[in-house]
Amino acid sequence: MDDKEDTRVLGLSKISLQLARCPKFPEGNPRDRYEIVAPLDETGRLDTEAWHAQRDHCRVKRLAPDGATRHGRLLHRAGGAGGANWAFDYDDRSDADDEGGFRLDSHVIAPGEYVSIKGVDGELRTYAIVAVSAA
């Protein structure tokens with residue numbers, strides 16, 4: 001079974017984000033994107049229990065405006081406002097390259113909604129959810 005079939009069997013979703021409107025990019029920036037593979041619950045929120053069972057399949061692909069692409073893992077860690085937070089890990093040997101989602105556990109993940117991600121540079125940016133589909 002290939003990866004695409006495997007994730008479909010597990011009920012994972014592919015979530016596509018792009019930089020939302022901001023002063024520097026009044027129309028947003030479609031070259032600044034993320035593609036996340038994660039489980040969603042029946043309300044459209046990230047599903048922590050399903051993530052624990054499927055964490056090896058939960059991935060993130062960072063497509064940077066400069067054309068660079070990075071591949072990493074979606075992590076759920078202790079700490080944060082609700083007792084835990086979601087992060088993107090690109091290198092197992094260090095957490096210096098990790099990016100964190102701002103209250104991702106409380107957001108409905110659906111097209112037209114927005115989420116915020118703190119990049120490696122420490123800047124919090126808002127991303128529009130442009131698509132959600134079966135992974």
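Residues numbered from 1 in each chain as written. Predicted model: local features only at pLDDT ≥ 70, side-chain atom pairs only at ≥ 80, totals over all residues. Heavy atoms only, no water.

Caption draft 1: Quick look at the overall build of the protein. A count of helical and extended segments in the protein gives two helices and eight strands. Reading the secondary structure of the protein in the N-to-C direction produces α-β-β-α-β-β-β-β-β-β. In summary, the protein has a C-alpha radius of gyration of 14 Å against a globular reference of 14 Å for 135 residues, a match within 12%. Taking the principal axes of the C-alpha coordinates as reference, the protein spans close to 40 × 30 × 30 Å. Looking at the 135 residues of the protein, the share that counts as buried comes to 39%. (Helix = DSSP H or I, 4+ residues; strand = E, 2+ residues; numbered from the N terminus. Rg over C-alpha atoms; globule rule 2.2 N^0.38 Å. Buried < 20%, exposed > 50% of the residue type's maximum accessible area, 1.4 Å probe, protein only.)

Caption draft 2: Just the environment of His76, in detail. Mapped onto the elements of the fold, His76 is located in strand β4 (residues 69-78). A sequence separation of 51 residues divides His76 from Tyr127, and the C-alpha atoms of the two residues are 19 Å apart. Not counting residues up to four positions away in its chain, the partners in contact with His76 are Thr48, Trp51, His52, Ala84, Asn85 and Trp86. (Contact = heavy atoms within 4.5 Å.)

Caption draft 3: Spotlight on the nonpolar core. Ranked by size, the top nonpolar core spans 24 residues in total, and within it Ile15, Leu17, Tyr34, Ile36, Leu74 and Phe88 carry the most contacts. Top element by residues in this core is strand β2 (residues 29-38). It accounts for four residues. Contacts of Tyr34, omitting those with residues within four sequence positions, involve Ile15, Ser16, Leu17, Val60, Lys61, Arg62, Phe88, Tyr90, Glu99, Ile117 and Tyr127. (Core = buried A, V, L, I, M, F, W, Y, C linked by side-chain atoms within 4.5 Å.)

Caption draft 4: Representation of the pairing of strand β7 (residues 114-118) within the structure. The sheet contact formed by strand β6 (residues 99-102) and β7 spans three bridges and is antiparallel. Note on β7: the bridge partner recorded for Phe102 is Ser116. When β7 meets strand β8 (residues 124-134), the two strands line up antiparallel, connected through five bridges. Bridging across to β8, Lys118 finds its partner in Leu124. Two successive antiparallel strands, β7 and β8, enclose a turn made up of five residues, where Gly122 displays a positive phi of approximately 85°. (Pairing = 2+ DSSP bridges.)

Caption draft 5: Region of the structure containing the pairing of strand β3 (residues 59-63). One ladder, built from five bridges, connects β2 with β3; its direction is antiparallel. Across the sheet, the residue bridging to Arg33 is Leu63, located in β3. As paired strands, β3 and β4 are joined by five bridges and run antiparallel to one another. Along β4, the bridge assignment pairs Leu63 with Thr69. Once β3 ends, the chain turns through five residues before running back antiparallel as β4, passing Gly67 with a positive phi of about 95°.

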